[in-house]
Amino acid sequence: MPPTAETAQVSHRATYREVLAEPRFRLLFSTRAVAITADALRITTFSVLVFSSTGSALLSAVAFGIGFIPQLFGSLLLGSLADRLPPRALITGGYALTCATALLLAVVRMPVAASLGVVALVSLATPVFHGASSRLVAQSLKGDAYVLGRSLSNIASAGAQLFGLALGGAAVAALGPRRALAVSAVLYFGCALAIRIRLPRLQPAAFGGTPGSTGGDSGADGGAVRASLQGAGLLLRDRTVRRLMLAQWLPVALVAGAEGLIVAYAGERRFAPGWYAVLMGCLPVGMLVGDLLVGRFLRPPTRERLVVPLVALAGLPLIGFAAEPGVGVSSCLLLLSGLGYAYGLGLQRPFLDALPQDGRGQAFGLLGSGSMTLQGVGPVCLGAVAAVIGTGGAIALAGGAAVLTAGWILTWHPPASPALAPNRVVSSD
């Protein structure tokens, strides 16, 4: 039987060159990479600033993660705005707001509680800006080009985080924490200016949705909060969307929880000073390599068939930490675990296919904010477990839980999506 045009579209393998040829994606991709660099610089520098002011390791850790956990609440309360407001204004406003926050922290000497409150408050709005940007990417890239766009974003994110951490350390050493925060503000301002000048002025209806369309008419009658809560409820009540979100959240949260114990593990094992940084770099290096290999060389159906094996690969090496290996073996285990992160590429197209056309901005915001929140919660939970069974055992437990998650995905995830089915209507189960 000859292949249909629809089947050919599903099997078509896009290229990175094809993805980067799209001007709108190129703009969003480049500004996001710069913003992630600024995020890493701001987060680490703010943590250093709090520690230098208080001498408290606990408050320093809170400063590091204070921008993560509130994002889920922001998505639930404000997520519908990603579909209701013009994207250029939203994305520009997001970068401008984070610029103002970094500048405020750099210039104004506030009490620590007040500075933490400012960062937490601003993070509530983060899912709205990111949701609008992700929705615009999904509208600009079709088929496998969208998946490769996500692959490029993952690669750039890992690289930008590493560069931001290095830049943050150099900036703090050369300028001090407050001036280093001002450097991150300059980067955010550049992103806001680039979006304002180069992104066309689009209304919500022009990029795939209609104002207030999420949750029906409730957005107009009850405001953004009611529309956001109803829209999030519709998304999470849909079995397919819920499963695909959990499949993208859980393995990442578990591995992030294990990553949060690396410093303590290196200390318990009395590794030489500086080796903890090498161990922490192994996961993002594995992520870079995995995304590049899976995104560049595998066809779409193959990526979707490999979702479960790759999730298992993210977890299985971590189980080896139960034996409390040395530096060399630990590095290899973490590198292998990072390769498994590429499983997410096989879920991108099914997830996009499962979303309603007029609620994608909120869905992307919810996906990102839920992931960030769980990545903040994961280290806390595993840290409590490590206090009882040790860091090696806690890391192994996280790996075992990731393998169990792979087994759960196996019970419902089809080996490959037969075809794209756009404009699917969310239904409850």
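Values in this document were obtained by computation on a predicted structure and should not be read as measured data. (Residues numbered from 1 in each chain as written. Predicted model: local features only at pLDDT ≥ 70, side-chain atom pairs only at ≥ 80, totals over all residues. Heavy atoms only, no water.)

Draft legend 1. Quick peek at a nonpolar patch on the surface. Nonpolar side chains collect at one region of the surface, where I69, F73, L77, V225, L229 and V377 lie side by side and expose about 480 Å² of accessible area between them. Of all the elements in the fold, those that place two or more residues in the nonpolar patch are α5 (70-78) and α12 (218-237). Structurally, V225 is set in helix α12. (Patch = residues over 30% accessible without salt bridge, like charges linked within 9 Å, V, L, I, M, F, W, Y side chains within 5 Å. Areas by Shrake-Rupley, 256 points an atom, 1.4 Å probe, with all protein chains shown as cover. Salt bridge = Lys/Arg side-chain N within 4 Å of Asp/Glu carboxyl O. Helix = DSSP H or I, 4+ residues; strand = E, 2+ residues; numbered from the N terminus.)

Draft legend 2. Structural detail: empty space enclosed by the protein. As enumerated under the stated definition, the model contains one cavity of 30 Å³ or more in all. Its boundaries defined by the atoms lining it, the largest cavity holds a volume of some 30 Å³. Residue lining of the largest cavity: D144, V147, P300, R303, E304, L345, G346 and R349, and that is the complete set. Among the elements of the structure, α10 (144-175), α16 (300-305) and α19 (345-354) are those that each provide at least two residues to the lining of the largest cavity. Here the residues of the lining of the largest cavity are counted per class, giving three nonpolar, one polar and four charged. (1 Å grid on protein atoms, 1.4 Å probe; cavity = no way out; pocket = protein on both sides within 12 Å on 5 of 7 lines; lining within 4 Å. Points joined across faces, edges and corners; volume = space filled by probe spheres on them. Nonpolar A, V, L, I, M, F, W, Y, C, P; charged D, E, K, R; others polar.)

Draft legend 3. Here's a closer look at the nonpolar core. Residues I91, L334 and F351 are the most contacted members of the largest nonpolar core, which totals 86 residues. Broken down by element, the residue count for this core peaks at eight residues, all from helix α13 (residues 239-259). Among residues more than four places away in sequence, those in contact with L334 are I262, L279, C282, L283, L318 and F321. In terms of nonpolar packing, the next biggest core, distinct from the first, is built from eleven residues, F46, V50, A106 and L116 among them. (Core = buried A, V, L, I, M, F, W, Y, C linked by side-chain atoms within 4.5 Å. Buried < 20%, exposed > 50% of the residue type's maximum accessible area, 1.4 Å probe, protein only. Contact = heavy atoms within 4.5 Å.)

Draft legend 4. Quick look at the packing of aromatic side chains. Applying the stated criterion across every chain, the model contains six aromatic pairs. Ring centres 5.4 Å apart and planes at 65° place the aromatic pair W408 and W412 in the edge-to-face group. Pairwise contacts between aromatic rings join Y146, F351 and F364 into one cluster. Between the NZ or CZ atom of R296 and the centre of the ring of F297, over which it lies, the distance is 5.5 Å. (Phe/Tyr/Trp six-rings, centres within 6.5 Å; stacked < 30°, edge-to-face > 60°. Lys NZ or Arg CZ within 6 Å of the ring centre and 35° of its normal.)

Draft legend 5. Spatial organisation of the packing of helix α20 (residues 360-389) against helix α21 (residues 391-410). Interhelical geometry of α20 versus α21 gives an angle of 130° and a closest axis separation of 7 Å. Here α20 is positioned oblique relative to α21, judged by the angle of their axes. Every pair of crossing elements has a handedness; the one defined by α20 and α21 is right-handed. Packed against α20, whose contacting residues are L382, V385, A386 and I389, the element α21 presents T391, G393, A394, L397 and A398 at the interface. Taken together, the residues of the contact of α20 with α21 break down into seven nonpolar, two polar and no charged. (Axes fitted to C-alpha atoms, helices over the stretch in contact; angles between N-to-C directions. Parallel < 35°, antiparallel > 145°, perpendicular 65-115°, else oblique. Left-handed = near helix turned anticlockwise from the far one by under 90°.)

Draft legend 6. Structural context of the side chain of R303. For R303, the location among the structural elements is in helix α16. A residue is classified by how much of its surface remains accessible, and R303, at 2% relative accessible area, is buried. For R303, the side chain forms a polar contact with the main-chain oxygen of L298, separated by 3.1 Å. Other than its neighbours up to four places away in sequence, R303 contacts R13, D144, V147, L148, V294, G295, L298, L345 and G346. (Polar contact = N/O pair within 3.5 Å; in protein donor to acceptor, adjacent residues only side chain to side chain.)

Draft legend 7. Looking closely at the packing of α13 against α19. In contact at an axis separation of 9 Å, α13 and α19 are set at 150° when each is read in the N-to-C sense. With respect to α19, the axis of α13 lies roughly antiparallel. Every pair of crossing elements has a handedness; the one defined by α13 and α19 is left-handed. Seen from α13, the contacting residues are T240, V241, L244, M245, A247 and Q248; seen from α19, they are L347, Q348, P350, F351 and A354. Of the residues that constitute the contact of α13 with α19, the class distribution is eight nonpolar, three polar and no charged.

Draft legend 8. Summary view of the environment of A394. Take A394: it is sitting in helix α21. Separated by 136 residues in the primary sequence, A394 and A258 place their C-alpha atoms 7.3 Å from one another. Residues within four places of A394 in sequence aside, it is in contact with L261, L382, V385, A386 and I389.

Draft legend 9. Geometry of helix α3 (residues 23-54). Here α3 contains 32 residues, and its C-alpha end-to-end distance of 46 Å stays within 8% of the 46 Å for a straight helix at 1.5 Å per residue. For α3, the side-chain oxygen to backbone nitrogen distance between the N-cap and R24 is 3.2 Å, and the N-cap itself is E22. The first or second residue beyond α3 is G55, which carries a positive phi of 70°. (Expected span 1.5 Å × (residues − 1).)

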